[in-house]
Amino acid sequence: MTTVHVPPVAALRNPIGAHVPVAGRGLAGTGLAYAARVGAETVQVFVANPRGWATPAGNPAQDEEFRTACAEQGIPAWVHAPYLINFGSDNPDTRERSADSLWHSLRRGHAIGALGVVLHTGSAVGSAPGGGSRRAEAMAQVRTDVRPLLDELDGLGDDAPWLLLEPTAGQGSSLCSRLEELADYLEALDHHPKVGVCLDTCHAFAAGHDLEEPGGVTAALDALAAAAGPGRLRLIHANDSEDVVGARKDRHANIGAGMIGAEPFRELFEHPETAGVPLVVETPDRKHGGDGTGHAMDIAVLRELRDRATVRGPGTRPADRREPAAAARP
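Quick caveat: nothing in here was measured; it's all calculated off a predicted structure.

Caption draft 1: Summary view of the nonpolar core. Residues Phe66, Phe87, Leu102, Leu182 and Leu302 are the most contacted members of the largest nonpolar core, which totals 79 residues. Here this core gets seven residues from one element, more than from any other, and that element is helix α4 (residues 135-154). With near-sequence residues (within four places) excluded, Phe87 lies in contact with Arg95, Ser98, Ala99, Leu102, Leu119, Ala138, Gln141, Val142, Asp145, Val146 and Leu149. Counting residues in hydrophobic clusters, the runner-up holds seven residues, among them Trp78, Val118, Trp162 and Leu164.

Caption draft 2: Region of interest: the side chain of Gln141. Locating Gln141 in the fold gives a position in helix α4. Residue classification places Gln141 among the buried residues on the basis of a relative accessible area of 7%. A distance of 2.9 Å separates a polar side-chain atom of Gln141 from the backbone oxygen of Ser89.

Caption draft 3: Region of the structure containing the packing of aromatic side chains. Per the stated rule, a full pass over the model turns up one aromatic pair. Each ring, one from Phe46 and one from Tyr83, has its centre 5.7 Å from the other, and the planes form 85°; the classification is edge-to-face. In this pair, Phe46 is assigned in the loop between β2 (43-45) and α2 (60-73) and Tyr83 in the loop between β3 (77-80) and α3 (92-111), connecting sequence segments 37 residues apart. Overall, Tyr83 belongs to the partly exposed group, its relative accessible area being 34%. Above the plane of the ring of Trp162 lies Arg234, whose end atom (NZ or CZ) is 4.1 Å from the centre.

Caption draft 4: Local environment of helix α8 (residues 263-270). The element α8 is extensively covered by neighbouring structure, given that eight of its eight residues are classed as buried. Within α8, burial applies to Glu263, Pro264, Phe265, Arg266, Glu267, Leu268, Phe269 and Glu270.

Caption draft 5: Focus on the packing of helix α1 (residues 26-38) against α2. One way to put it is that α1 packs onto α2 with a least axis distance of 7 Å and a crossing angle of 40°. The orientation of α1 with respect to α2, classified from their angle, is oblique. On the side of α1, the interface is formed by Gly26, Leu27, Ala28 and Leu32, while α2 contributes Gln62, Asp63, Glu65, Phe66, Ala69, Cys70 and Gln73. Tallied by class, the residues present in the contact of α1 with α2 amount to six nonpolar, three polar and two charged.

Caption draft 6: Fine view of the sheet that holds strand β7 (residues 233-237). The strand order around the closed barrel built from eight strands is β1-β2-β3-β4-β5-β6-β7-β10, with neighbouring strands paired in parallel fashion. Here the strands of the sheet are splayed against their neighbours by 30° on average, with no regard to which way each runs. Pairing of β7 with strand β10 (residues 279-281), which is carried by two bridges, proceeds in the parallel orientation. Note that in β10 the partner of Ile236 across the bridge is Leu279. Sitting on the sheet, α3 touches β3, β4 (116-120) and β5 (162-166), and the angle it makes with β4 is about 160°. Contacts from helix α9 (residues 293-308) reach β1 (16-19) and β10 within the one sheet, and its direction differs from that of β1 by about 155°.

About the cut-offs
Each chain has its residues counted from 1, running along the sequence as written. Confidence filtering applies because this is a predicted model: local features only for residues at pLDDT of at least 70, side-chain atom pairs given and counted only at 80 or more, and all residues used for totals across whole chains, interfaces and linings. Side-chain measures were taken over the full set of non-hydrogen atoms in the model, leaving aside hydrogen atoms and water. Throughout, nonpolar core names a set of buried Ala, Val, Leu, Ile, Met, Phe, Trp, Tyr and Cys residues whose side chains join them through atoms within 4.5 Å. Burial classes: relative accessible area under 20% of the type maximum marks a residue as buried, over 50% as exposed, and values in between as partly exposed (1.4 Å probe, protein chains only). Each helix is a run of DSSP H or I of at least 4 residues and each strand a run of E of at least 2, with the numbering of both proceeding from the N terminus. In what follows, residue pairs with any heavy atoms lying within 4.5 Å of each other are defined as contacts. Polar contacts, as used here, are pairs of N or O atoms within 3.5 Å; protein pairs need one atom able to donate a hydrogen and one able to accept it. Residues neighboring in sequence count only if both atoms are side-chain atoms. Two aromatic rings from Phe, Tyr or Trp, using only the six-membered ring of Trp, form a pair when their centres are within 6.5 Å; if the ring planes differ by under 30 degrees the pair is stacked, by over 60 it is edge-to-face, and anything between is tilted. In our convention, an over-ring charge means Lys NZ or Arg CZ found within 6 Å of a ring centre and within 35 degrees of that ring's normal. Interaxial angles span 0 to 180 degrees and are taken between N-to-C directions of axes, which are lines fitted to C-alpha atoms, for helices over the stretch in contact. Should an angle lie under 35 degrees it is considered roughly parallel, over 145 roughly antiparallel, and from 65 to 115 roughly perpendicular; all remaining angles are considered oblique. Residue classes follow a fixed rule: Ala, Val, Leu, Ile, Met, Phe, Trp, Tyr, Cys and Pro count as nonpolar, while Asp, Glu, Lys and Arg count as charged, and any other residue, Gly among them, counts as polar. Pairing between two strands requires that DSSP report at least two bridges joining them.

Remember that the coordinates give geometry; whether it matters functionally is a separate question.
Here you go:
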C-alpha cells in the first residue's frame, strides 16, 4: 500500500490514528513507518507484551528517536498497558504483578513522551466471604494499589503521562463498564488530576449504551462527563462492534461494518466533550491483508466524518444523521 497524506495535526480538532505495531525495527522504525502508511495523525503502542508480565527496559536510543520524531511531526503518542493487569483480583500475586506492570508502562510512557497510558478497569475476581460480589472490596483494592502509583507519577514532573481508565465491555464481574460507574472509580482515586478516561466505543456499546440510535452518542458522552467530570476524556478508541448493543462482548469491527455504523461517529465529533480529543482505531486489519489497509480505510472514513461534523455548543441537539458518510462501508 502507498503512504497516505496526513494534514498538519496542529490544524486538526481531533487527530485520528491507530494502534501501531512496533516489533522489528522498534517504536520509530516500525511504528512511525506504519503510521505514515495508514495516514495516522496520532499513535498508540505497547511497551511490553500485552499478554504477559515482563517489564522490558527498552532501548534509550530508540525511545529518544521515537520521542523526537513524534515531537517534530506533531504526532501525539499513547501507551496501552498490558491486558493482564487487574487490581480487583483476589490473588495477591496478581495485584503485585499488576502494580509492577502498570508502573512500568507509566515510566516507559514518560520516557517516550506519551501523553497517557490506557488501563482496563478490571473486574472483581472471586467471591466475598459468605458468597456474593466482591465489588466493594475490589474497589478498595484499586485505591490501595493504584493511589501510591499516582504519587510516584507526580514525581515524574509536569510532563508525566495521564493514567487513562478504559471501561470494559461488561464481561464477568466488571468494575467499570457502564460509563456511570466511572464516578466510583474516580472517587477511589481521589479524583487525582492526572487520572482521565479512554472511551472505547465498542466497549460502551457492548455495555448497553446504544450509540447506534440517534442521540445515543450524545447521551453516552453526557453520562461520561457527569460521572467523571469535564475535561477527563483524553482519548477515544474508535471501534465498531460485531455484536448487538448490550451483548457484553468485546469484538471490534471496522468503522461502518458493524452494529454501530459510521454515522454515530459524526455525532461523536460534534459533542463539546470531545473537543481536541484524539481517536485511535483498534479495528481488524488482518482480514484486509494485515499491512495496514484496513486501518487506512477506517482512518479515511473517520476523517471524512470529522470534515462533515458541526461542533455543537453545550445543551444543543445532535445533527440529523440522514446524510450518509461518503466513505462509509455498506
